[in-house]
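Structural features, examined
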Amino acid sequence: MSDITFIFDNQFTTTFSGDEVSDNYPRQVMSAYSFVEPTATKMPQLIATSARVAEQLGLTEEQVNSAEFLTLFSGNRLLEGMKPFAMCYGGHQFGHWAGQLGDGRAINLTEVRTQSHGHKTLQLKGAGPTPYSRTADGLAVLRSSIREFLCSEAMFHLGIATTRALSLSLTGDSVIRDMFYDGHAKAEPGAVVCRVSSSFIRFGSFQLPASRQDLALLTQLVDYVIARDFPHLGAPSPGVYLAWFTEVCDRTCSLVVDWMRVGFVHGVMNTDNMSIIGETIDYGPYGWIDNFDLNWTPNTTDAQGKRYRFGAQGEMAQWNLFQLANAIFPLIDDAEPLQKALNDFAKNYQQQWQQMMAAKLGIELSGELADEAELSLFVEVEDILMSVETDMTIFYRRLADLPDDESLWLTHLNPCFYDEAEMSTSYQETLHNWLERYSKLRDRGNRSRQSISESMNATNPKYVLRNYLAQQAIELAEKQDYSLLHQLQQVLAKPYDEQPEFENFAGKRPAWAKDKAGCSMLSCSS
Ligand code: AMP
Ligand code: MG
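Residues numbered from 1 in each chain as written. Chains lettered and ligands numbered in written order. Predicted model: local features only at pLDDT ≥ 70, side-chain atom pairs only at ≥ 80, totals over all residues. Heavy atoms only, no water.

1. Quick notes on the packing of aromatic side chains
- Taken as a whole and judged by the stated rule, the model has 24 aromatic pairs.
- Look at F417 and Y427: their rings are 6.1 Å apart centre to centre, the planes differ by 90 degrees, and that puts the pair in the edge-to-face class. Placement of F417 in the loop between helix 13 (409-413) and helix 14 (425-442) and of Y427 in helix 14 is noted, with a sequence separation of 10 residues between them.
- Note on Y427: relative accessible area 6%, which makes it buried.
- By the ring-pair criterion, three or more aromatic residues cluster together here, those being F12, F16, Y33, F35, F85 and Y224.
- Sitting over the ring of Y25, R27 keeps its end group 4.7 Å from the ring centre.
- The residue whose ring lies beneath R307 is W319, and the NZ or CZ to ring-centre distance is 4.5 Å. (Phe/Tyr/Trp six-rings, centres within 6.5 Å; stacked < 30°, edge-to-face > 60°. Helix = DSSP H or I, 4+ residues; strand = E, 2+ residues; numbered from the N terminus. Buried < 20%, exposed > 50% of the residue type's maximum accessible area, 1.4 Å probe, protein only. Lys NZ or Arg CZ within 6 Å of the ring centre and 35° of its normal.)

Following this line, the structure appears as structure tokens:
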């Protein structure tokens, strides 16, 4: 008898015909998915759960703490009605078409219907090989699973669209990884995260059938996604396809502007890592900005070209949308409106970026778009933040309570600078001059300083998942100490609140973390 029950809603596998081969070995698959079961693990152990996600799925605390929960969400058991599957998709990786990729280490347990949160897919990441594993093992290590778990929690509480994580379990098996691809492979603890989203379909899901000239599957996929996740658009037609593409552009635009607002660098914006519903997906070698640097990328694999650097994320999103437009072109058969949607993306991105900057700075824009004075303030603040190492998160929080007395400005902002020796007289003058112009613009209108400061603090988080904090949580967890993991989960649940008891998590990156692996640079190895 099973205590945990769901209302199954397996639309994907009932809508599409699956792979005819049922054996689990790497291969090219011409269908949308393959049935495949998770691999049993040696000694599963639950180390973190999200109460909020459990609640959305209708699971009680007692159920979450049950032995059954652990066996289910570590891939050691299936409920009757679950028919796990891995999805087939392709993608452009670092600008190059890579052909078929697919869920190489993700297995969808099932799709369920929830009471008040619509349909959700429950997906295990790291539960063993699938037909899409190519030469890899289908497994995930503890460090990358902690990073996925914590970051999707952090993102959600920041109010940014993201896949969620229900649980994080150790598997009890070890996984061999060569973290920096330099011949130093070692055994690491294996782990499984249960991810949850309304849709795990990616841009690359459409690109693959398009690349194979499989118009039937391509059309079926688009119709499916519209009916399931964009039902307000109505019955399929070329006009609806275009409206859908436009909405995907809009969602992607808001998502990336949100990333820029909080200093999140995805690190691997390949088209297979772009969610069709506009969520942050596939937390790999991502990073959070400590010192503001538009050229920074956390991903060592991308260290040369820096394709996915912080400041390029808007452009990269547009590049990816262009690939999606190419893929769905046969359904619309008219390049002009697709091109227009892509051009509008650039315009909307500019506008939303300006609005985001205004909100960060507590300025009310004079119009829909920034005027010259406003725009120069936004552009210059980036130059100023780049010219000496300045902590982005601390800077904006300190700015919210900038003293009225000009002589105190520099001392007030002092906690956000990494190296005082960098602060030349001319730098100080530039900063002072900017702050003077800034405070004039900020004080236009009749909002109180307090209300301005409150709105800034609701835009600029105090707590983000700083790379070194995640790394510390990982190092402790690797010694079976999960206290920091749980503490971070707690503090990141209220990222805009002061939480004085957690002040130590709001400080600058310590000097030891500046060039440490895991803190400033990460590889795709996970
Ligand atoms: P990523 O860019 O990390 O999202 O992964 C690119 C592709 O590699 C996807 O198809 C993944 O499923 C696959 N992949 C990544 N890691 C593994 C692994 N350990 N085993 C099997 N497939 C993997
Ligand atoms: Mg991926």
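The rest of the description comes next.
2. Topic: the environment of F230
- Along the chain, F230 falls in the loop between helix 7 (215-229) and helix 8 (238-262).
- By relative accessible area, which is 0% here, F230 ends up buried.
- It is 10.0 Å that separates the C-alpha atoms of F230 and A243, two residues lying 13 residues apart in sequence.
- Contacts of F230, omitting those with residues within four sequence positions, involve V225, W244, E247, V248, R251, I276 and I277. (Contact = heavy atoms within 4.5 Å.)

3. Some points on the coordination of the magnesium ion (ligand 2)
- Looking at the magnesium ion (ligand 2), one finds its protein donor set to be N273 (OD1) and D282 (OD), positioned 1.9 to 2.2 Å from the metal centre.
- The buried category is assigned to D282, whose relative accessible area is 13%. (Donors = N, O, S within 2.8 Å, 3.2 Å for Na, K, Ca; no water.)

4. Let's talk about the state of the cysteines
- Within this structure, the stated rule accounts for 0 disulfides.
- Here C194 stays unpaired: no disulfide links it, and the sulfur of C151, its closest cysteine neighbor, is 17 Å away. (Disulfide = S-S within 2.5 Å.)

5. Observations regarding the site of ligand 1
- Within the structure, ligand 1 sits among 16 residues, and G102, G104, R134, G138 and N273 are positioned closest to it.
- Take R177: an N or O atom from its side chain is 3.3 Å from a nitrogen atom of ligand 1.
- One of the side-chain nitrogen or oxygen atoms of N273 is found 3.0 Å away from an oxygen atom of ligand 1.
- Surface burial for ligand 1 is 82%, taken as the share of its 480 Å² of free accessible area covered by protein chains.
- Grouping the constituent residues of the shell around ligand 1 by class yields 3 nonpolar, 6 polar and 7 charged.
- When residues of the shell around ligand 1 are assigned to domains, at least three map to each of domain 1 (11-203) and domain 2 (236-288 + 297-359). (Near = heavy atom within 4 Å. Polar contact = N/O pair within 3.5 Å; in protein donor to acceptor, adjacent residues only side chain to side chain. Areas by Shrake-Rupley, 256 points an atom, 1.4 Å probe, with all protein chains shown as cover. Nonpolar A, V, L, I, M, F, W, Y, C, P; charged D, E, K, R; others polar. Domains from an automatic or database assignment.)

6. Quick word on the pattern of salt bridges
- Taken as a whole and judged by the stated rule, the model has 30 salt bridges.
- Residue R27 pairs with D19 through a salt bridge whose shortest N-O separation is 2.6 Å.
- On the basis of relative accessible area, D19 is assigned to the buried category, the value being 14%.
- Where D137 meets R177, a salt bridge forms, and the shortest distance between an N and an O atom there is 2.8 Å. In this pair, D137 is assigned in the loop between strand 8 (119-125) and helix 5 (142-157) and R177 in strand 9 (residues 164-177), connecting sequence segments 40 residues apart.
- Looking at R177, the relative accessible area reads 12%, which means it is buried.
- It is possible to trace a salt-bridge network through shared partners that takes in D290, E389, D391, R466, R509 and K514. (Salt bridge = Lys/Arg side-chain N within 4 Å of Asp/Glu carboxyl O.)

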